[in-house]
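# Breakdown of the fold
If you want the building blocks of each chain, they are given just below.
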Amino acid sequence: MTARSTLLLAVPVSWAGLWTAPLAEMAPDLNVVVQGRDEYDPKAIDYALGFRPETGLLASLPNLKAVFSLGAGVDGFLVDPNYPKRIPLVRFVDHQLSREMAQYCVMHALIHHRQQRLFDTFQKEKKWRQSVPPRRTDDTRIGVLGIGEIGTIVAKRLRDHDFKMAGWSRTRKQIPGVESFAGHEELQKFLNRSDILICLLPLTADTRHILNAKAFSQLPKDAFVINVARGGHLKEDDLIAAIDSGHLSGATLDVFETEPLPDSSPLWSHHKITVTPHVAAISDPRVMAKNAVDGIARHKVGKPLDNVVDFARGY
Ligand code: NAP
């Protein structure tokens, strides 16, 4: 790096060390200040790195040049009505993260498909039951909402387990063994053929509450839902109603409208819902730090940044 730049790290202060240590090691010339911990002059901030910065923070930095997200999803930035859209926002794209997301999705699709929860119950009751008819894998249709960086890997991994795969996106895809549905006109057709539905969409104005009563009614009877995208995609009450009515067979949820999930949430104790605490993939802080350091180095020599968010699309 040439002239010394200053990066504002906008994360909870108690977690800051996860990123300050690798940043200091990888970019000793970069001056890092932690929001809420260090005194700083807003005019001195060149770059920002964070996940869900407080509303108005980024707009208050007059010399900001680029913002780096610690997450693949950038909804935590775009909820800020004052986000300065002249400043490029770079989202976090990492193959290891995508592979871990795929591992989670494959695991929960297989747990459902192989009826493992039922056998867990039989084991608790010391029942030797072989009578549950296994469902044919190549007759089981899985649909992935969002065939982007992560959804594509998820679809390919499940295709390699012999499931009948399809994906839904804004634009048409050509992935061998994965039928492509595109746009709102094809959403119902896509839902009609999805025995297992996996949500991997970004949270935008278009996709908020896309997992709702109407969508569930368009899924086949006994369909199963896996939401690993954002809690804002799901109308939680509609999901519970669709399961309790017997239409859906259950769900696995990693993300929630309110996180941490409140003790009072009925999702915790629903016997057909598996809850995990937003852990489908945990990004490596070193890789996140490297993403920002590499981006800053590119920006400083005038090279274009990768994975810049399109504010008009919202992802
Ligand atoms: P991405 O590469 O931007 O892919 C997004 C996909 O969604 C694209 O295929 C896009 O279609 C499609 N899409 C967006 N808006 C749409 C709309 N209105 N109608 C139809 N399709 C639409 O995103 P990604 O990196 O795969 O990440 C997806 C999401 O996963 C993130 O936004 C984040 O919320 C979530 N995530 C969760 C965790 C976790 O731990 N639970 C970890 C990482 C990520 P086009 O291809 O046509 O543009």
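Residues numbered from 1 in each chain as written. Predicted model: local features only at pLDDT ≥ 70, side-chain atom pairs only at ≥ 80, totals over all residues. Heavy atoms only, no water.

### Section: the pairing of strand E7 (residues 164-169)
Taken across its six residues, E7 has five buried, putting it largely inside the fold. Both strand E6 (residues 141-145) and E7 contribute to a ladder of five bridges, which runs parallel. Residue pairing across strands places Gly143 opposite Ala166, the latter belonging to E7. Relative to strand E8 (residues 178-182), E7 runs parallel, the two sharing five bridges. Looking across to E8, one finds that Ser169 is bridged to Ala182. (Buried < 20%, exposed > 50% of the residue type's maximum accessible area, 1.4 Å probe, protein only. Helix = DSSP H or I, 4+ residues; strand = E, 2+ residues; numbered from the N terminus. Pairing = 2+ DSSP bridges.)

### Describing the nonpolar core
Core analysis: the biggest nonpolar cluster contains 49 residues, and Phe68, Val154, Leu158, Ile198, Leu200 and Val228 have the highest contact counts within it. Here this core gets seven residues from one element, more than from any other, and that element is helix H3 (residues 95-113). Residue-level mapping places this core at the junction of two domains, with at least three residues from each of domain 1 (6-94 + 283-300) and domain 2 (95-275). In contact with Val228, not counting residues within four places along its chain, are Met101, Tyr104, Cys105, Ile198, Cys199, Leu200, Asp254, Val255 and Ala280. Counting 30 residues, the second-largest nonpolar core is a separate cluster that includes Leu145, Ala229, Leu239 and Ala242. (Core = buried A, V, L, I, M, F, W, Y, C linked by side-chain atoms within 4.5 Å. Domains from an automatic or database assignment. Contact = heavy atoms within 4.5 Å.)

### A word on helix H9 (residues 285-300)
Helix length check: H9 (16 residues) gives 22 Å between terminal C-alpha atoms against 22 Å at 1.5 Å per residue, within 8%. Here H9 has its buried residues at Met288, Ala289, Ala292, Val293, Gly295 and Ile296. Buried residues along H9 cover an arc of 160 degrees about the axis, so they all sit on one side. For H9, the elements touching its buried residues are strand E1 (6-10), helix H1 (17-26), strand E3 (47-50) and strand E4 (66-69). Here H9 starts with a cap whose side-chain oxygen sits 2.9 Å from the backbone nitrogen of Arg286, and that cap is Asp284. Backbone geometry just downstream of H9 places Gly302 in the positive-phi region, at approximately 80 degrees. (Expected span 1.5 Å × (residues − 1). Arc of directions from axis to C-beta. Polar contact = N/O pair within 3.5 Å; in protein donor to acceptor, adjacent residues only side chain to side chain.)

### As for the packing of aromatic side chains
Both the distance between ring centres and the angle between the ring planes are used here to describe each pair of aromatic rings. In the structure shown here, the tally under the stated rule is four aromatic pairs. Note on Tyr47 and Phe68: the rings are 6.4 Å apart at their centroids and 45 degrees apart in plane angle, and the pair reads as tilted. Linking Tyr47 in strand E3 with Phe68 in strand E4, this pair joins segments that are 21 residues apart in sequence. Of the residues examined, Tyr47 reaches a relative accessible area of 2% and is grouped as buried. Considering the side-chain rings of Tyr83 and Phe311, the 5.4 Å spacing of their centres and the 40 degrees angle between planes classify their relative orientation as tilted. One end of the pair, Tyr83, is in the loop between helix H2 (75-78) and strand E5 (89-90); the other, Phe311, is in the segment after H9, with 228 residues separating them in the sequence. Across the pair, Phe311 and Tyr83 agree in class, each one buried. If you follow Arg129 out to its NZ or CZ, it ends over the ring of Phe122, 5.2 Å from the centre. Between Arg313 and the ring centre of Tyr315, over which it is positioned, the NZ or CZ distance is 4.0 Å. (Phe/Tyr/Trp six-rings, centres within 6.5 Å; stacked < 30°, edge-to-face > 60°. Lys NZ or Arg CZ within 6 Å of the ring centre and 35° of its normal.)

### Observations regarding the sheet that holds E4
Spatial ordering of the open sheet is given by E2-E1-E3-E4-E5, a layout of five strands whose pairing is parallel. Both edges of this open sheet fall to strand E2 (31-34) and E5, since each of them pairs with a single strand only. Across four bridges, the pairing between E3 and E4 is parallel. Opposite Ala48, over in E4, you have Val67 as the bridge partner.

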